[in-house]
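Geometric and topological summary
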Amino acid sequence: TTISNVLSGLGEVAIGLIGEGISAAQIPGIGWVGSIEYIDQTDGYWLKLGGELNSWVQFTLEVEPPDQNLEYHLLDGYNLISYIGTDGLSPGDALPDEVEPEITNFVGEGIACANLGFCDTDADNDGVPECLWVGSIETLHQKKGYWVRTNIPVDFSWNNSTFFIRNSNDYFSY
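What counts and what doesn't
- Residues numbered from 1 in each chain as written.
- Predicted model: local features only at pLDDT ≥ 70, side-chain atom pairs only at ≥ 80, totals over all residues.
- Heavy atoms only, no water.
- Helix = DSSP H or I, 4+ residues; strand = E, 2+ residues; numbered from the N terminus.
- Contact = heavy atoms within 4.5 Å.
- Areas by Shrake-Rupley, 256 points an atom, 1.4 Å probe, with all protein chains shown as cover.
- pLDDT = per-residue confidence, 0-100.
- Patch = residues over 30% accessible without salt bridge, like charges linked within 9 Å, V, L, I, M, F, W, Y side chains within 5 Å.
- Salt bridge = Lys/Arg side-chain N within 4 Å of Asp/Glu carboxyl O.
- Lys, Arg positive; Asp, Glu negative; His and termini not counted.
- Charge placed at Lys NZ, Arg CZ, Asp CG, Glu CD.
- Buried < 20%, exposed > 50% of the residue type's maximum accessible area, 1.4 Å probe, protein only.
- Pairing = 2+ DSSP bridges.
- Axes fitted to C-alpha atoms, helices over the stretch in contact; angles between N-to-C directions.
- Phe/Tyr/Trp six-rings, centres within 6.5 Å; stacked < 30°, edge-to-face > 60°.

So, about the overall build of the chain. Looking only at helices and strands, the chain features two helices and 13 strands. Partitioning the intrachain contacts of the chain with sequence separation of at least 6 by distance along the chain shows that 71% fall at a separation of at least 24. Accessible surface, the chain: about 10000 Å² in total, of which carbon and sulfur atoms supply 52%.

And the structure:
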């Protein structure tokens, strides 16, 4: 889906979009320019809104819900990705057990958490080691982007027990 189609409901209030190593800006009368042409559902993005401060913006996104078994391909280092797992899961519960020890950090807007690497305890007696996460991210939320740091390249899908929740209208304040 093109950036123009996804953000058309915002008009000229949407002035910029930033992704992992890519960005685009909307120039009045010209449209979107930059290195983002299409929105990828596995990627995370930061949307910059302009206009009068302390305003509310209401818009409708007309996009298909993501495939709940969508596979992410992360490189060694930081990756900006979307979260489409079950809303409100902790990072450790959202990640597959075999991948969790390789993920070292989550960074969100003004929040972060780190995996301390103590992945050798079996707190719930299910035979799978649990990792110790600390920081201000206690739960992950749908429709949010996170910078995720890995030790090695990792392929995974989020643990899901519910479908992606999509409201017809999202409200943002800026």
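Still more to cover.
Take the confidence of the model for the chain next. Averaged over every residue, the pLDDT of the chain is 84; the share at 70 or more is 83%. Segment residues 168-174 is flagged for pLDDT under 50; beyond a separation of four residues in sequence, or across chains, it makes 30 contacts in the model.

Time to look at a negative patch on the surface. Together, Asp93, Asp97, Glu98 and Asp126 make up a region of like negative charge exposed at the surface. Within the secondary structure, Asp97 sits in the loop between helix H2 (91-94) and strand S8 (103-108). Using a relative accessible area of 34% as the deciding quantity, one classes Asp97 as partly exposed.

Now for the sheet that holds strand S11 (residues 145-150). Strand order in the open sheet formed by five strands is S7-S11-S8-S9-S10, and the pairing between neighbours is antiparallel. The open sheet terminates on both sides in strands that have one partner only, identified here as strand S7 (77-82) and strand S10 (133-135). On average, each strand axis in the sheet is inclined to that of its neighbour by 20°, with strand direction left out of account. In this structure, S8 lies alongside strand S9 (residues 111-115), joined through four bridges in antiparallel fashion. Looking at the pairing, Gly108 lines up with Ile111 of S9.

Bringing the packing of aromatic side chains into the picture now. Per the counting criterion, the structure on display carries seven aromatic pairs. A centroid spacing of 6.1 Å and a plane angle of 80° characterise the contact between Phe106 and Tyr146, whose relative ring orientation is edge-to-face. With Phe106 in strand S8 and Tyr146 in strand S11, the pair connects residues that are 40 residues apart, well separated along the chain. Each member of the pair Phe106 and Tyr146 is classed as buried. The interplanar angle of 35° and the centroid separation of 6.4 Å between the aromatic rings of Phe106 and Trp158 together place this pair among those described as tilted. With a gap of 52 residues between them, Phe106 in strand S8 and Trp158 in the loop between strand S12 (154-156) and strand S13 (170-173) connect regions that are remote in the sequence. Comparing Phe106 with Trp158, the two get one shared label, buried.

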